[in-house]
Amino acid sequence: MMNTDLRSAVDGRVLLPGDEGFEQATKAWNLAVDQRVAAVVEAVGAGDVAATVGYARRSGLTVTAQPTGHGASGDTDGVILLRTSKLDELHVNPEERTARVGAGVQWGRVLAAAGPHGLTGLAGSNPVVGVTGYTLGGGVSWFGRKHGFAADSVRAFDVVTADGEQARITADADPDLFWALRGGGGDFALVTAVEFTLYPAPSLYGGSVMWPGHRTREVFDAFLEITAEAPDELSVWFNRIQAPQAPPMVGLAVAFLGDEAEGRALLARLDKIDDVIADKRGPVPVANLGDITAEPTAPAPVRSRTELLTGIDDAAIEVLAGSPIEPVVGLQLRHLGGALATSRPGAGPSGPVAEPYMLYMLGLALNPEMSAAVGAKQAGLAEELGARVSGRKPYTMLARGERAAAAFSGETIARLREIKRARDPQGVVRANFPVLA
């Protein structure tokens, strides 16, 4: 019956197990995540989203939405996977400094449209990450120290509720749902479009500098010195790279909302470190923000882990800058603080984040043995850091096997669960990391 009823309910393509192309359509961006779903619906508009929700509600099924699957958890057994990549509306209003995007739009398109107007959204490091999923999870941006979480810049959501109704959600129209969607994940309604504030970026300076691994301690010391006095306009990320069968490297990635002269002055400490392999700092067009870290954009099998750190002392320095990281291929320490640590009236569930640093560890997961080894090393590094690991994790950085409750205070997760039970008692909508799990 699903074959006939679901296909007749929507205009977009419906793929079921056994159909040609079904297995490919189920894949997440992280190829190590296996998504065993009941069906894939490729929505061509909000009407398809509403029809899919209506069908799921009548059939006792669950719907989860993914344009790209960057945040996939694998918790999808038996669900209808709703692909929203064709919801690709994009409109930038430079006079009002706003953008409106469909649920399938990626950050690279937004930045390309906003940049010529001297504006930017609160994007992260990778241009192919979807705006909607990133924002629903809070969104830790290059510019978060200056402007806070991406979710707190949202002005309105277009959604399909768990009842299958289309609605526009604002702070005035539905304050509880608006609050929950601004960083609490996608567990409360299916978002079809987002409207958010853009910020002035008439000039942007940034890039990366790389050194051989034997300069790691010097680079880390420079990272600590620079971030100790960094203005909110400056974000600095420390990176250790251990590619398979390659010598270790260390680097800093930087983004500064200001001109080149001031940016170079703030980072002058780096010019004292010898043996530079590459220095790619310079003026950066907003559209090229992703070039700063040049992260892979093609799907790959990976295993990641993120921790928030309460501070850096000598013991932490030894772990982060001294301990071998293999088989982890990338260890990144982001400086937070600024607006991310500030309590703001009307903010969503994400903040404030008191921890000044975010540690992100990434490794390849080409097979189960490699994945297990990477996971063990990530766990070992976190264990070595001990009490400096706060235990809280940004929702947008949760990884497979983790729970939404790790991202929020007890009071916040209790409120999110109350809203979930009130708005979706049947459990028709499921986020990558459900709040009731």
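Residues numbered from 1 in each chain as written. Predicted model: local features only at pLDDT ≥ 70, side-chain atom pairs only at ≥ 80, totals over all residues. Heavy atoms only, no water.

S.K.: Please provide a residue-by-residue account of the pairing of strand β6 (residues 98-102), values included.
M.R.: In terms of burial, β6 is largely enclosed, as four of its five residues are buried. Across four bridges, strand β5 (residues 90-93) lies against β6 in antiparallel orientation. Bridge pairing in β6 places Val92 opposite Ala99. Here β5 folds back onto β6, and the loop between the two strands holds four residues, one of which, Arg97, carries a positive phi near 55°. Across five bridges, the pairing between β6 and strand β10 (residues 190-197) is antiparallel. Paired with Thr98 across the two strands is Thr197, which belongs to β10. (Buried < 20%, exposed > 50% of the residue type's maximum accessible area, 1.4 Å probe, protein only. Helix = DSSP H or I, 4+ residues; strand = E, 2+ residues; numbered from the N terminus. Pairing = 2+ DSSP bridges.)

S.K.: Describe the packing of aromatic side chains, with residues and values.
M.R.: Applying the stated criterion to the full structure yields 10 aromatic pairs. Following the ring pairs from residue to residue traces out a cluster consisting of Phe220, Phe223, Phe238 and Tyr357. Note that Arg415 overlies the ring of Trp179, its terminal NZ or CZ placed 3.8 Å from the centroid. (Phe/Tyr/Trp six-rings, centres within 6.5 Å; stacked < 30°, edge-to-face > 60°. Lys NZ or Arg CZ within 6 Å of the ring centre and 35° of its normal.)

S.K.: Please give an account of the pairing of strand β13 (residues 234-241) that cites residues and values.
M.R.: Counting buried positions along β13 yields seven of eight residues, so the element is predominantly enclosed. Two strands pair when backbone bridges link them, and β13 and strand β14 (residues 249-256) are joined in this way by eight bridges, in the antiparallel orientation. Note that in β14 the partner of Trp237 across the bridge is Ala253. Looking at chain direction, β13 and strand β18 (residues 330-335) are connected through five bridges and run antiparallel. Looking at the pairing, Phe238 lines up with Leu333 of β18.

S.K.: Account for the sheet that holds strand β2 (residues 39-42), with residues named and values stated.
M.R.: Across the sheet, four strands lie side by side as β1-β2-β4-β3; this open sheet has mixed pairing. Because the sheet does not close on itself, it has two edges, and the strands there are β1 (13-15) and β3 (63-66). Across the sheet, the mean angle from the axis of one strand to that of its neighbour is 20°, orientation sign disregarded. Relative to strand β4 (residues 80-83), β3 runs parallel, the two being bridged by four bridges. Its bridge partner being in β4, Val63 is matched across the sheet by Ile80. Packing against the sheet, helix α3 (residues 46-59) makes contact with β2, β3 and β4, and its axis sits at approximately 175° to β4. (Axes fitted to C-alpha atoms, helices over the stretch in contact; angles between N-to-C directions. Contact = heavy atoms within 4.5 Å.)

S.K.: Please set out the sheet that holds β5 residue by residue, giving values where relevant.
M.R.: A sheet is described by the order of its strands in space; here five strands give the open sequence β5-β6-β10-β8-β9, paired in antiparallel fashion. Strands at the two margins of the open sheet, each flanked by one partner only, are β5 and β9 (166-169). Averaged over neighbouring strand pairs, the angle between their axes works out to 10° when direction is ignored. In the packing of helix α4 (residues 107-114) onto the sheet, the strands contacted are β5, β6 and β10, and the crossing angle to β5 comes to about 35°.

S.K.: Tell me about the packing of helix α8 (residues 216-228) against helix α10 (residues 314-321), residues and numbers included.
M.R.: Two measures define how a pair of helices packs: the angle their axes make with one another and the distance between the axes. Across the interface, α8 lies against α10 with an axial gap of 10 Å and an inter-helix angle of 130°. Classified by the angle their axes make, α8 and α10 are oblique. Remark: the crossing between α8 and α10 carries right-handed chirality. Packed against α8, whose contacting residues are Thr216, Arg217, Phe220 and Leu224, the element α10 presents Ile317, Leu320 and Ala321 at the interface. Among the residues forming the contact of α8 with α10, the class breakdown is five nonpolar, one polar and one charged. (Parallel < 35°, antiparallel > 145°, perpendicular 65-115°, else oblique. Left-handed = near helix turned anticlockwise from the far one by under 90°. Nonpolar A, V, L, I, M, F, W, Y, C, P; charged D, E, K, R; others polar.)

S.K.: Residues and numbers for the pattern of salt bridges, please.
M.R.: Pairs may arise between side chains of opposite charge once their charged atoms sit close together. Inspection of the entire model under this criterion finds 27 salt bridges. A salt bridge links Arg57 to Asp163; its shortest N-O distance comes to 3.5 Å. Of this pair, Arg57 sits in helix α3 while Asp163 sits in the loop between β8 (154-160) and β9, and the two are 106 residues apart along the sequence. You can call Arg57 partly exposed: its relative accessible area is 27%. According to the relative accessible area criterion, Asp163 is partly exposed, its value standing at 48%. Among the charged side chains, a salt-bridge network with shared partners connects Glu89, Arg100, Asp158, Arg168 and Glu195. (Salt bridge = Lys/Arg side-chain N within 4 Å of Asp/Glu carboxyl O.)

S.K.: Describe the nonpolar core, naming the residues involved and giving the relevant values.
M.R.: Phe157 and Phe196 are the most contacted members of the largest nonpolar core, which has 55 residues in total. Where this core is concerned, the elements lending two or more residues are β6, α4, α5 (131-136), β8, α7 (175-181), β10, β14 and α12 (410-423). Not counting the four nearest positions on each side in its chain, Phe157 is found in contact with Leu136, Ala167, Arg168, Ile169, Phe178, Leu181, Arg182, Val191, Ala193 and Val194. Listed in part, the 37 residues of the second largest apolar core include Tyr205, Leu267, Leu333 and Tyr357. (Core = buried A, V, L, I, M, F, W, Y, C linked by side-chain atoms within 4.5 Å.)

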